[in-house]
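# Summary of the model geometry
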Amino acid sequence: MNNGPAPNPAWILPEWPGVPRQVRALTTRRTGGIGIGAFTSFNLAQHVGDEPATVAEHRRMLQAKAGMPAEPLWLEQVHGTHVVEHPGRVPDTPPRADAAVALAPGRVCVVMTADCLPVVFTDRAGTRVGVAHAGWRGLAGGVLEATIAALRVPAPELLAWLGPALSQPAFEVGPEVRDAFVAQSAANETAFVPNARGRFQADLYALARMTLARAGVDRVSGGGRCTYAEDREFYSYRRDGGATGRMATCVWIDGHTGS
C-alpha cells in the first residue's frame, strides 16, 4: 500500500502495509527542481550553500504539489536526539531538533537527509505521526527511542517506515562506531562486517530495525535503497564529498480523509 500524495517523479511513496489512509508520507528525490551544479536539481536545504531563492521555490513546489495542508515544520538538525512536538503554527526560527511529532491533523513534520536514515512513524489508528533523522550518532544516542516516547502511545501500537539511506557496502566506519553500538547491545555486532582496511561496513538499516525491536516496535517497513549507489535518485554527502543537497522526508495526517 502506498501512503502519500499522488505519484510524482519528484518523490517516492512508502510501501507501508497497514497504515491508515489518512496518514501521508513521502521522501523527495533529487530530481524535479531548478537547482544546478552540486544541487541539481531539487535541493530542499538552506544551509548547504545553495541559492536561497532556489531553495524557497523548491519548498513552495513541494508543499503545493504534494497537497500539504500547511507549511512543513523544518528543523535545524544537529545529529542529536531532541524531539519537538509540532506546535500547530510553524515558528519563524526552525527548532533545533532531529525529530518531530504531530499529534493532530494538518501538521507536517519533516527531516532532511543525504545518507542518514529517515524513520517515519504512525500509530495504527492514524492519530499521530512523527519522523526522525537517524544518522549513526543519533541512532546510537537514542533518537528513535526519544521519538517513540514523544508519540505517547504504547510502542506495539506504532508502525515505522525506513526511508533511503547509505547501504552497508557504502557505509565504512571506524571501530569506535561499532563499539558504541555493541556497548548498547551485543546483538548489534551482527550489523558490522570487517573490511580489508581494518574498519567496518555498518548496516544502518539493521541497526535501526534492532533498535526499534528492542523498543517494542515490530511493524517495520522500508529499507533497501542506497543513497550512495543511486546517484540519479538521491543526494549523498559521502559520495559527493560534502558538496550536495538534501532530500526531505515528510509525514502528516490528512484531516479530510477517513481511515
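Since we're looking at a predicted model, the values are computed, not measured. (Residues numbered from 1 in each chain as written. Predicted model: local features only at pLDDT ≥ 70, side-chain atom pairs only at ≥ 80, totals over all residues. Heavy atoms only, no water.)

### Overview of the overall build of the protein chain
Counting secondary structure elements, the protein chain contains 5 helices and 13 strands. A compact globule built from 259 residues should have a C-alpha radius of gyration of about 18 Å, and the protein chain, at 17 Å, falls within 12% of that. Reported as C-alpha extents along the three principal axes, the dimensions of the protein chain are approximately 50 × 45 × 35 Å. Per-residue burial over the protein chain gives 53% buried out of 259 residues. A separation of at least 24 residues holds for 60% of the contacts in the protein chain among residues at least 6 apart in sequence. Total accessible area computed for the protein chain in this model is approximately 10,700 Å², and 52% of it derives from carbon and sulfur atoms. A gap of 3 Å separates the mean positions of the 25 positive and 24 negative side-chain charges of the protein chain. (Helix = DSSP H or I, 4+ residues; strand = E, 2+ residues; numbered from the N terminus. Rg over C-alpha atoms; globule rule 2.2 N^0.38 Å. Buried < 20%, exposed > 50% of the residue type's maximum accessible area, 1.4 Å probe, protein only. Contact = heavy atoms within 4.5 Å. Areas by Shrake-Rupley, 256 points an atom, 1.4 Å probe, with all protein chains shown as cover. Lys, Arg positive; Asp, Glu negative; His and termini not counted. Charge placed at Lys NZ, Arg CZ, Asp CG, Glu CD.)

### Re the layout of surface pockets
Rolled over the atoms, a probe with the dimensions of a water molecule shows which regions are left empty. There is about 620 Å³ of room inside the largest pocket. The set of elements that each furnish at least two residues to the lining of the largest pocket consists of strand E5 (109-113) and helix H2 (136-141). In the lining of the largest pocket, the residues fall into 11 nonpolar, 7 polar and 6 charged. (1 Å grid on protein atoms, 1.4 Å probe; cavity = no way out; pocket = protein on both sides within 12 Å on 5 of 7 lines; lining within 4 Å. Points joined across faces, edges and corners; volume = space filled by probe spheres on them. Nonpolar A, V, L, I, M, F, W, Y, C, P; charged D, E, K, R; others polar.)

### Details of the nonpolar core
In terms of nonpolar packing, the biggest core is built from 37 residues, with Leu117, Val119, Phe121, Leu139, Leu144, Phe192 and Leu212 touching the most fellow members. The element best represented in this core is helix H5 (residues 204-215), accounting for 6 residues. The next biggest cluster of nonpolar side chains, apart from the first, holds 20 residues, and it includes Phe39, Leu62, Met68 and Trp74. (Core = buried A, V, L, I, M, F, W, Y, C linked by side-chain atoms within 4.5 Å.)

### Some words on the pairing of strand E4 (residues 99-102)
Side chains Ala99 and Val101 of E4 all project onto a buried face; the interleaved residues Ala100 and Ala102 project onto the opposite face, where all are buried too. Here strand E3 (residues 83-85) pairs with E4 via 3 bridges, running parallel. Across the sheet, Val84 pairs through a bridge with Ala100, a residue of E4. The sheet contact formed by E4 and strand E7 (residues 129-134) spans 4 bridges and is antiparallel. Following the sheet pairing, Ala102 is matched in E7 by Val129. (Pairing = 2+ DSSP bridges.)

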